[in-house]
Amino acid sequence: MMLRDGSTQLLCLTASSGVPLFTRGASKQLPFSVIGSLNGVHMFGGGQGALLSSCETEGGGKVVWKVFHDSVMLIAVSGGGSSGACIGEEERRLQRLLENVWSCMVLVLGQDELVNLRNIERLKRDLRSCFCLIDKLLEEKHQGVLGDLTHCADSLVPPNPTPLQEAVDGFAQAADSEFGCLFVHGRIVVATEKWWRLAPQEVVLLCALVRTLSASGSASCDYPVFLPQGSPTVAHRLLRFQLLPGADVCVLCGPTPSLQKAETELVGRFWSPLIETLRSCLAVGERCLPGSVPLRPDVLALLLINRETRRSVSCVQLSSHHPLSDSSLSKSRCWELLKLFYIFSISRYFTQEETLSGSPEESTQSSHTEDFLHGFSHQPQQCYLVTEECKSYGLQTQQHQFFLLVLPSVPTFALRTVATQTLADIISATAF
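Presented here is an overview of the structure given in this document. (Residues numbered from 1 in each chain as written. Predicted model: local features only at pLDDT ≥ 70, side-chain atom pairs only at ≥ 80, totals over all residues. Heavy atoms only, no water.)

### Describing the pairing of strand β9 (residues 220-227)
The side chains of a regular strand alternate between the sheet's two faces.
Part 1: Note: β9 against strand β10 (residues 231-244), seven bridges, orientation antiparallel. By the bridge assignment, Cys 221 is partnered in β10 with Arg 240.
Part 2: Count of turn residues in the β9/β10 antiparallel hairpin: three residues. (Pairing = 2+ DSSP bridges. Helix = DSSP H or I, 4+ residues; strand = E, 2+ residues; numbered from the N terminus.)

Here it is, written out as structure tokens:
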């Protein structure tokens, strides 16, 4: 039954009758008989008073179920053996995926259409408009975007943020909005205060939507969106404008202004004077940190989370000091290892800020961590992991969580010093 390529397949069915609505992900689709069995075993458990949320397969894979509002059932089926994640870590990833996919559906269609199933065939057609965004979440598994897992906004730190912050504030105000954001390479550079007050999951999903819209190649768009937590039944307008290839500005607004008016009267007024500043942001690239931040040559990858603002920066560094031929790690493998180490640390040691949806799954995950820590006299603040591919170190402070991957040649006894110094260098240079 299991997928053999280590990929993930997503199934969506009606909760009451098990009618398939769509399947996404994986090159080889599961047979209809298997889909029916997955739905049937969940329904049988419910009839016996048991809630089936996950199971492990003989091949080392994982199946996770979740029902939303007694209306829609989502099932994630993951192939085993390729990622290196333990079963508990894989379950956490899949549970988070299902939460995100449901919120994607609400973001695009609104909660009413999903909860009140009046016409199944029409819903199937409407759900097609969600596919690009859902596919983006499935494809971004190792593409340098971690917000779908951390529920922190993937950010890029610009060399000179002040004029950009003033521009996005002024642009949003001129567009009769309090919600504005500037994206570079699909990551947030600056945003208005109200944008940061959106629920963390909403910020992450809006980022994913902007990446999807940018990939379409259009210079501007007017897109209706529902906020899964803030406004699941009333749509807002997301106006997006491409300032330069790779740089986009967005606002969430009401009926005014029109897309044409905003494009012709506001975009040039606020952003034309900042073209060179925007180019300097684009030059930062996937490093996400300005050149003023020094990184040791033996650093492979890092993830820094600001626990107060729910923002994160992450990057993979494959420099001439450790080319692929020396480290034997591709860029995608570095991203994969960074994500796995984050899950490893959060699942076992560090505090989780689960302010997302208050779902039962999140409570269960927290209890798993508490069970692991039972008997400890303190809350761990640092951890490390040594493998053949790399060495990893994680540390937690009151304001930050920091996850660092370095070459295996770095002495184990030096990991703590390397991590704390790298964190200090980033914070002192960027005040992140």
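### Re the packing of helix α7 (residues 161-174) against helix α10 (residues 259-271)
Part 1: Interhelical geometry of α7 versus α10 gives an angle of 165° and a closest axis separation of 10 Å. Relative to α10, α7 is oriented roughly antiparallel. For α7 against α10, the interelement crossing comes out right-handed. Residues Leu 164, Ala 167, Val 168, Gly 170, Phe 171 and Ala 174 of α7 pack against Leu 266, Val 267, Arg 269, Phe 270 and Trp 271 of α10.
Part 2: In terms of residue class, the contact of α7 with α10 is made up of nine nonpolar, one polar and one charged. (Axes fitted to C-alpha atoms, helices over the stretch in contact; angles between N-to-C directions. Parallel < 35°, antiparallel > 145°, perpendicular 65-115°, else oblique. Left-handed = near helix turned anticlockwise from the far one by under 90°. Contact = heavy atoms within 4.5 Å. Nonpolar A, V, L, I, M, F, W, Y, C, P; charged D, E, K, R; others polar.)

### Thoughts on the nonpolar core
Part 1: Membership of the largest hydrophobic core comes to 50 residues, with the highest contact counts inside it found for Phe 22, Leu 74, Met 105, Leu 127, Ile 134, Ile 188 and Trp 195.
Part 2: At eleven residues, the largest contribution of residues to this core is made by helix α2 (residues 87-109).
Part 3: Sequence-distant contacts of Phe 22, defined by excluding residues within four places in its chain, comprise Leu 10, Leu 11, Cys 12, Met 105, Leu 127, Phe 131 and Ile 134.
Part 4: Ranked by size, the runner-up nonpolar core spans 29 residues in total, among them Leu 244, Val 267, Leu 274 and Cys 281. (Core = buried A, V, L, I, M, F, W, Y, C linked by side-chain atoms within 4.5 Å. Buried < 20%, exposed > 50% of the residue type's maximum accessible area, 1.4 Å probe, protein only.)

### Brief notes about the packing of aromatic side chains
Part 1: Scanning the model with the defined rule gives twelve aromatic pairs in all.
Part 2: With centroids separated by 6.1 Å and ring planes inclined at 80°, the aromatic side chains of Phe 171 and Phe 270 adopt a geometry described as edge-to-face. Highlighted residues: Phe 171 in helix α7 and Phe 270 in helix α10, separated in sequence by 99 residues.
Part 3: You can call Phe 171 buried: its relative accessible area is 1%. (Phe/Tyr/Trp six-rings, centres within 6.5 Å; stacked < 30°, edge-to-face > 60°.)

Fair warning: the whole summary comes from geometry, so function is off the table for now.
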